[in-house]
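Understanding the architecture of this molecule
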Amino acid sequence: MKMKKFFALLMAGIMTAGMLAGCGGSEDQAAQASDPAPDTKLSFIVSYKDEYLGMLDMAVKAAAESKGCELTSTDCADDMDKQLQYVRAAASNGTDAILVVLADDMRADEVVEAAGDTKIVFINRIPQDESVLDENHIYVGSDESCSGTYQGEMLAEELKKQGKDSINYVLIEGTAGLIHTIQRSEDVLKVLDEEGITATAAAEPVDCGYDRITAMDQMTVMLAEGLDMSKVDCVIANNDAMALGALESLRQNGIDTSDILVVGIDGTNAGLTAVSDGTMLATVYQNATGQAIAGVQAAVNLATGAELTEGMSYETDEENSNIIWVPFEKITADNVAEYL
């Protein structure tokens, strides 16, 4: 019953976003966004369904349904070779366009090869080699140069309010090697340095694969190995799920977290709730519904030969017209109610 209600809410969000797209552009855009595409056959191949990508999967299904598209969704369980098999199968089954969340963002060229003449929309995870992007292979997602930057800016603002110019931190990282893991980790620390805050690691960063349970387990290990949380000012996590997993471990180990600043990324429902109740200082909202709407619309446009951004209000990158950005947004206690 809960899943049916969630899907209904997503459908309402899709319809609302379509109307808002018109407000940001022209009446023609709003009309195009609602145009059906019943003869368009799409496939969505996701790397794996963690908390955020599970939301994205639901949103893509809702966006496709709102346009009357036929869509199949497949989870490749974070197996890149399996993902390539699914891409080949979708292409051979007459799919008009394939939306792909890369299991390995260094192997996008293999996805292009596996798809043959079938159009590709890379969504959420941008290929590390952007040269694979062209008029038939495009990217829809949020600019990761903003995610860690926004996280650092919100953290720096709070630290300055507290009169702190030096901190000890714990960094909880996502899957090693992925470009968004690298950027999120580097950029938050870069901003703190630029803001005149000396940030010292209280422990080595840990790879928790964007997974809540893994973050909980890894934090428990760090505590067992002697991490003194009384000397830690903040927990920086590459996503909300890991931030909340780390917090749960601290609570289970009897540690008072009220004075520890915790920041995440994604703006999941759980993350937004944690910001609202003060458990987390801030998160960076990554618009799953926006990515889904833009991704499905772009796939339909590629399949039908329409202009890439027809029917949407999102814009292409200034230097690469094959990239469509869905903006990240800062979330603190001041504005979280708007998102809840």
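Described in the following lines is the structure provided in the data block. Being a predicted model, the structure only gives us computed values, none of them experimental.

So, on to the packing of aromatic side chains. Taken as a whole, this structure holds two aromatic pairs when the rule is applied. An angle of 75 degrees between the planes, with centres 6.1 Å apart, marks the rings of Y139 and W325 as edge-to-face. With Y139 in strand β5 (residues 137-141) and W325 in strand β13 (residues 323-325), this pair connects stretches of sequence that are 186 residues apart. Across the pair, exposure class does not vary: Y139 and W325 are buried alike.

Moving on to the sheet that holds strand β4 (residues 119-123). Read from one edge of the open sheet, seven strands run β2-β1-β3-β4-β5-β13-β12, paired in mixed fashion. Each end of this open sheet is capped by a strand with a single partner; those strands are β2 (70-75) and β12 (315-316). Helix α5 (residues 108-115) contacts β3 (97-100), β4 and β5 of the sheet and is inclined by roughly 150 degrees relative to β4.

Take the environment of N335 next. Considering the arrangement of structural elements, one finds N335 in the loop between β14 (329-331) and α12 (336-339). Taking the relative accessible area as the measure of exposure, N335 reaches 18% and is therefore buried. In the structure, N335 is positioned 59 residues away from S276 in sequence and 9.1 Å away in space, judged by C-alpha atoms. Of note is the side chain of N335, whose polar atom sits 2.9 Å from the backbone nitrogen of T332.

Turning to unusual backbone geometry, a few remarks are in order. Of note in this structure, D78 is not a glycine but carries a positive phi near 65 degrees. The topology assignment puts D78 in the loop between β2 and α4 (80-92). The exposure class assigned to D78 is partly exposed, which follows from its relative accessible area of 38%. Despite not being glycine, D266 shows a phi value in the positive range, around 125 degrees. Positionally, D266 belongs in the loop between β10 (261-263) and α10 (269-276).

This model, assessed by the stated rule, comprises eleven salt bridges. A salt bridge links R184 to E144, with the shortest nitrogen-to-oxygen separation between them at 3.0 Å. With a gap of 40 residues between them, R184 in helix α7 (residues 179-194) and E144 in helix α6 (residues 144-161) connect regions that are remote in the sequence. Pair check on accessibility: R184 and E144 agree, each one buried. As a salt-bridge pair, D233 and K164 come within 3.2 Å of each other at their nearest N and O atoms. With D233 in the loop between α8 (212-224) and β9 (234-237) and K164 in the loop between α6 and β6 (166-173), this pair connects stretches of sequence that are 69 residues apart. Judged by relative accessible area, which is 17%, D233 ranks as buried. Residues joined in a network through salt bridges with shared partners are K49, D57 and K61.

About the cut-offs
- Residues numbered from 1 in each chain as written.
- Predicted model: local features only at pLDDT ≥ 70, side-chain atom pairs only at ≥ 80, totals over all residues.
- Heavy atoms only, no water.
- Phe/Tyr/Trp six-rings, centres within 6.5 Å; stacked < 30°, edge-to-face > 60°.
- Helix = DSSP H or I, 4+ residues; strand = E, 2+ residues; numbered from the N terminus.
- Buried < 20%, exposed > 50% of the residue type's maximum accessible area, 1.4 Å probe, protein only.
- Pairing = 2+ DSSP bridges.
- Contact = heavy atoms within 4.5 Å.
- Axes fitted to C-alpha atoms, helices over the stretch in contact; angles between N-to-C directions.
- Polar contact = N/O pair within 3.5 Å; in protein donor to acceptor, adjacent residues only side chain to side chain.
- Salt bridge = Lys/Arg side-chain N within 4 Å of Asp/Glu carboxyl O.

What is shown is where atoms sit, not what they do.
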